[in-house]
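# Observations on chain architecture
Here is how the chains run, residue by residue.
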Amino acid sequence: MDVNLKHDLLAVARQFPLRGEFLTAAPYGSGHINDTYCVVFDQGGTRVRYIIQRINHLIFKNPAALMENIQRVTAHLAQKCAGQSDPSRRVLTLIPAHDGHAYHQDAQGNYWRVYMFIEKARTFDAVETLRQAFEAAKAFGQFQKLLADLAAPRLHDTIPDFHHTPKRFAALERALQADVANRAQQAKPEIEFALRHQAATRILLDANLPERVTHNDTKLNNVMLDDATGEGICVIDLDTVMPGLALYDFGDMVRTTTSPAQEDERDLTKVRMQFPMFEALARGYLAAAEFLTPAEKKLLPLSGALITLEIGLRFLTDFLAGDTYFKVHREGHNLDRCRTQFKLVESIEQQEAAMDKLVETI
Ligand code: ADP
Ligand code: GN1
Ligand code: MG
């Protein structure tokens, strides 16, 4: 096993009914919040992989409630996918711990969960083809559609006000006021950009849209695309599935799936909203999300700029606060991420008329 691992993955794995001989464990994926590992077992000559995750309980303050949400959501989806081909690859499957709980809490207070590994599929950190955009959006649209009849009670809010953009703006103002890391002078243009956009933060909240069950973190790398068919086979990263607006999800797709650049690209000339990608997203999403009201549909183009602005505000806030929320891997990482978001907001704003026109025709 990798001696540099922060946690004893073998000890964690032993808390779950994973058969065979433990072979390897290694960090996996590029998420900003949880710790994700891939562990491999030898089961009678076959290598079987699992995903083991440590839930970031400083961010998700009630992991038990979060896991209750995930159990309900995955059970509901599993029931709906039962008649389709390859049902076990279409929804995440939790493996409960030996004690029957959906997670294991270790002696240090960490919360761990295990998922079956979705084989023959992968995620992408940056979009490469129109087909990927179409399939990802269709999968997220389908996800919302399948959860529309989730039985009561309402899901827990795993992070309250997660997409309340005005509150995200207020948090930025507080971070700016405190300037605890003495970094405000390094981010003057970004701070000015944020301040100029304050009025835009209310757009979705003021539109009186219906509450739905939404994913709330529809980054392109939170949907697995099938290696053979390219289909969006499984929506993953379910920690923020909770009541929300459909457009939070569409907006985050625009943020992460229309620019050819990575989220932390330093060369801002590479960052832009590619209109054909937006079209593929809108067509894919609307192919599945037939439940949208006219008011929701009309706001699809604006949601992209809003959610991109919101995540940019959050990266800037975390930069000013001294990098306490998102994982960072280099100096100025959160500021770099903020810059790409604000550049993308500008690019989306410039194409708003064309986006409106397109959506009217779909
Ligand atoms: P984070 O919250 O840190 O983003 P994710 O749940 O998105 O964590 O997992 C990180 C990455 O691990 C994903 O982008 C995906 O590539 C991979 N992954 C997660 N769950 C599975 C799974 N069940 N099967 C295969 N790969 C997975
Ligand atoms: C985080 O966990 P991950 O990396 O999929 C964040 C999202 C942000 C995203 C920015 C719980 O998502 O809200 O949009 O980073 N998740 C949480 O890349 O804050
Ligand atoms: Mg993720």
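Note that the coordinates shown come from a computational prediction; the quantities given were computed from them, not determined experimentally.

### Overview of helix α6 (residues 246-257)
- Taking 1.5 Å as the rise per residue, α6 with 12 residues should run 16 Å; its terminal C-alpha atoms sit 17 Å apart, in good agreement.
- Most of α6 is tucked away, with 12 of its 12 residues classed as buried.
- When we look at burial in α6, the residues that qualify are Ala246, Leu247, Tyr248, Asp249, Phe250, Gly251, Asp252, Met253, Val254, Arg255, Thr256 and Thr257.

### Regarding the pattern of salt bridges
- Using the criterion set out here, one finds 24 salt bridges in the structure.
- Salt-bridge contacts for Arg89 lead to Asp86; the nearest nitrogen and oxygen are separated by 2.7 Å.
- Residue classification places Asp86 among the partly exposed residues on the basis of a relative accessible area of 37%.
- Among the salt bridges present, the one from Glu263 reaches Arg255, with a minimum N-O distance of 2.7 Å. Here the two residues Glu263 and Arg255 agree in accessibility, since each one is buried.
- Via salt bridges that share partners, Asp264, Arg266, Arg330 and Asp336 belong to a single interconnected network.

### Some details on the packing of helix α3 (residues 130-147) against helix α7 (residues 275-288)
- Relative orientation of the contacting elements α3 and α7 amounts to 30°, with a least axis distance of 7 Å. When the interaxial angle is binned, α3 and α7 end up roughly parallel. Seen along the crossing, α3 lies across α7 with a hand that is right-handed. Each of Leu130, Ala133, Phe134, Ala137, Lys138, Gly141, Gln142, Gln144 and Lys145 in α3 lies in contact with α7, whose residues at this interface are Pro276, Met277, Ala280, Leu281, Arg283, Gly284, Tyr285 and Ala288.
- When its residues are assigned to classes, the contact of α3 with α7 shows 10 nonpolar, 4 polar and 3 charged.

Cut-offs used in this document
Residues numbered from 1 in each chain as written. Chains lettered and ligands numbered in written order. Predicted model: local features only at pLDDT ≥ 70, side-chain atom pairs only at ≥ 80, totals over all residues. Heavy atoms only, no water. Helix = DSSP H or I, 4+ residues; strand = E, 2+ residues; numbered from the N terminus. Expected span 1.5 Å × (residues − 1). Buried < 20%, exposed > 50% of the residue type's maximum accessible area, 1.4 Å probe, protein only. Salt bridge = Lys/Arg side-chain N within 4 Å of Asp/Glu carboxyl O. Axes fitted to C-alpha atoms, helices over the stretch in contact; angles between N-to-C directions. Parallel < 35°, antiparallel > 145°, perpendicular 65-115°, else oblique. Left-handed = near helix turned anticlockwise from the far one by under 90°. Contact = heavy atoms within 4.5 Å. Nonpolar A, V, L, I, M, F, W, Y, C, P; charged D, E, K, R; others polar.

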